[in-house]
Amino acid sequence: EKEDPAKPDPALFYQLCNALQVQPQATVIVGDSWVDLRLAERAEAAAFISVSEAWGRSPVPGGRWVIQSWQDLSVVSDGL
């Protein structure tokens, strides 16, 4: 049985973008680790948003934004 590639390999992300009929460059990846940031970089996503302590993790250095709650996404979307 074939295993799915692990992050930060963007292969699954590309499959999702294809299924949704969106370009990877028109997407934003939200994550809580450096692996998510690397995925965003390798996939050439529009941006990477880091979640913060509210999810039990420190913000990821290099994220374009840091959100503290899901409501913060509305503020971020205004900045895209």
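For the structure, check the block above.
Here's what I pulled together on the structure shown here. (Residues numbered from 1 in each chain as written. Predicted model: local features only at pLDDT ≥ 70, side-chain atom pairs only at ≥ 80, totals over all residues. Heavy atoms only, no water.)

**Side note on helix α2 (residues 34-43)**
Threshold: To sort residues, take the accessible area from a 1.4 Å probe on protein chains only and compare it with the maximum for the residue type: under 20% means buried, over 50% means exposed, and anything in between is partly exposed. Labels follow the DSSP assignment, with helices taken as runs of H or I lasting at least four residues and strands as runs of E lasting at least two, numbered in each case from the N terminus.
Among the residues making up α2, those that are buried are V35, D36, L37, L39, A40 and A43. Of the residues one or two after α2, E44 is the one with positive phi, at around 60 degrees.

**Topic: the sheet that holds strand β3 (residues 65-67)**
Quick reminder of the rule: By the convention used here, strands pair only if DSSP detects at least 2 bridges between them. As a rule, the C-alpha atoms of each element are fitted with a line to give its axis, helices using only the stretch in contact, and angles between N-to-C directions run from 0 to 180 degrees.
With respect to topology, three strands assemble into an open sheet ordered β1-β2-β3, the strand pairing being parallel. Each having just a single partner strand, β1 (28-31) and β3 make up the two edges of the open sheet. Within the sheet, the average angular offset between the axes of one strand and its neighbour, ignoring direction, is 30 degrees. Here strand β2 (residues 47-51) runs beside β3; their pairing, made up of three bridges, is parallel. Considered in β3, the bridge of I49 is made with W65.

**Thoughts on the side chain of T27**
Formally: Here a polar contact is taken to be a pair of N or O atoms separated by no more than 3.5 Å, where protein atoms must pair a possible hydrogen donor with a possible acceptor and residues adjacent in sequence count only if both atoms sit in side chains. By the convention used here, residues are in contact when the closest approach between their heavy atoms is within 4.5 Å.
One can find T27 in the loop between α1 (11-20) and β1. At 2.6 Å, the side chain of T27 and the backbone oxygen of P24 are in polar contact. Discounting residues that sit within four places of it in the chain, T27 has contacts with F13, C17, V22, A45, A46 and A47.

**Digging into the pattern of salt bridges**
Here is the rule: Definition used for salt bridges: Asp or Glu carboxyl oxygen within 4 Å of a side-chain nitrogen of Lys or Arg.
In this structure the tally under the stated criterion is two salt bridges. With its nearest N and O atoms 2.6 Å apart, the salt bridge here joins K7 to D36. In this pair, K7 sits in the segment before α1 while D36 sits in helix α2, placing the two residues 29 residues apart along the sequence. K7 gets classed as partly exposed once you look at its relative accessible area, which sits at 48%. The class of D36 is buried, set by a relative accessible area of 5%. One salt bridge in this structure joins R38 and E41, with 3.0 Å as the shortest N-O distance.

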